[in-house]
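Descriptive analysis of the structure
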Amino acid sequence: MKRRKLKILGYSLLTIAIIAAGAIAYTYKQLQPQNHFKTVPVVNSNSTKDSQTSEQKSKVQNSVFNVLLIGSDQRKGQKIGHSDSMIIVHVDLNKKEYHAMSIPRDTRVHLDGYGYTKLTSVQYIKQATEGTQQGVEAAIKAVSDLTGVTINYYLETNYEGLQALTDAVGGIDMNIPFDVKLTHSWYPENRNKVIQKGTHFLDGKMVTEVVHERYSLQNGEFGRQQLQKEALVGIANAALDPANIKNLPKLVQTIPQFLVASNMTTADMLSLGLAVKDSNPATQLQYHQLSGEGKTMYDDILKNNNYQLVLNEDEMKKLVAEHFQ
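Residues numbered from 1 in each chain as written. Predicted model: local features only at pLDDT ≥ 70, side-chain atom pairs only at ≥ 80, totals over all residues. Heavy atoms only, no water.

Considerations on the sheet that holds strand β8 (residues 153-158)
Spatially, the six strands line up as an open sheet ordered β13-β8-β3-β4-β5-β14, and their pairing is mixed. The outermost strands of the open sheet, each flanked by one partner alone, are β13 (261-262) and β14 (285-289). Two elements, strand β3 (residues 64-72) and strand β4 (residues 83-92), share nine bridges in a ladder whose sense is antiparallel. Within β4, the position partnered with Val-67 by the bridge is Val-89. Packing against the sheet, helix α4 (residues 132-147) makes contact with β3, β4, β5 (97-103), β8 and β13, and its axis sits at approximately 60° to β4. Contacts from helix α5 (residues 159-168) reach β3, β4 and β8, with the element oriented near 95° to β8. (Pairing = 2+ DSSP bridges. Helix = DSSP H or I, 4+ residues; strand = E, 2+ residues; numbered from the N terminus. Contact = heavy atoms within 4.5 Å. Axes fitted to C-alpha atoms, helices over the stretch in contact; angles between N-to-C directions.)

Written as structure tokens, this is what we have:
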């Protein structure tokens, strides 16, 4: 009888092992980018105040999609923040090509129900009046309406999240393209510190300080966009370093801890991690900046005249048509 029970137990354990192995194999197959990104969500530009989600499934051929990266100035414990940085990343997993385009925070945009204002104010006013998710969706809609780019995924972090993410990859080697004086530092001990031009190994705290600076830069916001791009390249290089590549799945699983908001699931991130693990950001990521004319214009939300940037529409349309559609 005892032998018979052991035999039954052995068969049961074998069956469980086979089922578990099959499940793991199925999951891994589904996570392969060519399978996982056959369909991706589209962030609906017609979201309403009462909607719980602003996404609809849409067929996308050849694993090509757009991700909007949002950097918020939201502080710990706060539920509202300004969109301090907005970067659209066009991902083509077949060609292993990636294009990134920064949208300046002071860009003049139209917000339904309010009028014209800066892009940075859209998220803040919508979050203050309607809620956290509505603010994110309004910012996405403003970017999509402005550029004509369909947004499939969005990832929003704040400066504390960026600091934690940088530290999670062990710090980064960051190219500083020009001297940076920290006139607007988050931490008092770094006030007026100068980071000289060149490549520096920086921890999360200092990366946060550098990408936040714009007042001392000769090109202002456009200079800060360059710094943000260099930080993203540095983080990507650190995450994809051969010494760290084995830890990539674990790192991807921890990324949601650094996010304020996102429609990407852990499975989405894991699959994207598999897709980019052999990539070289220095050669496969192309970065683009938009130009425009700075003007003093009336802000319908703030009810005063302030600096706003009117983008060169023809240049933007050409750039979008070539690299983001």
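Here we look at helix α9 (residues 266-276)
Three- or four-residue spacings in an α-helix give side chains the same orientation, since the helix completes a turn every 3.6 residues. Taken across its 11 residues, α9 has eight buried, putting it largely inside the fold. Buried residues of α9: Asp-268, Met-269, Leu-270, Ser-271, Leu-272, Gly-273, Ala-275 and Val-276, and no others. (Buried < 20%, exposed > 50% of the residue type's maximum accessible area, 1.4 Å probe, protein only.)

A look at the nonpolar core
Residues Phe-65 and Met-174 are the most contacted members of the largest nonpolar core, which totals 43 residues. Not counting the four nearest positions on each side in its chain, Met-174 is found in contact with Gly-198, Thr-199, His-200, Leu-202, Val-207, Val-210, Val-211, Leu-227, Glu-230 and Ala-231. In terms of nonpolar packing, the next biggest core, distinct from the first, is built from 30 residues, Leu-68, Leu-119, Ile-151 and Leu-311 among them. (Core = buried A, V, L, I, M, F, W, Y, C linked by side-chain atoms within 4.5 Å.)

Some thoughts on the pattern of salt bridges
Counting across every chain of the model gives 11 salt bridges. The salt bridge involving Lys-118 is made with Asp-106; its shortest N-O contact spans 3.5 Å. With a gap of 12 residues between them, Lys-118 in strand β7 (residues 115-118) and Asp-106 in the loop between β5 and β6 (108-111) connect regions that are remote in the sequence. Two residues, Arg-224 and Glu-221, come together in a salt bridge whose shortest N-O distance is 3.1 Å. Placement of the pair is Arg-224 and Glu-221 together in helix α7 (residues 220-239), with a separation of three residues, close to one helical turn. Overall, the relative accessible area of 1% leaves Arg-224 in the buried class. Through salt bridges with shared partners, a single network forms among Asp-84, Arg-105, Asp-106, Lys-118, Glu-221 and Arg-224. (Salt bridge = Lys/Arg side-chain N within 4 Å of Asp/Glu carboxyl O.)

What about the layout of surface pockets?
The space that makes up the largest pocket amounts to roughly 300 Å³. Taken together, 16 residues make up the lining of the largest pocket; nearest its centre are Arg-108, Val-109, Leu-146, Glu-313 and Met-316. Secondary structure elements with two or more residues in the lining of the largest pocket: β6, α4, β16 (304-311) and α11 (313-323). Per-element tally for the lining of the largest pocket: the top contributor is α4, with four residues. A class-by-class count of the residues in the lining of the largest pocket yields eight nonpolar, four polar and four charged. (1 Å grid on protein atoms, 1.4 Å probe; cavity = no way out; pocket = protein on both sides within 12 Å on 5 of 7 lines; lining within 4 Å. Points joined across faces, edges and corners; volume = space filled by probe spheres on them. Nonpolar A, V, L, I, M, F, W, Y, C, P; charged D, E, K, R; others polar.)

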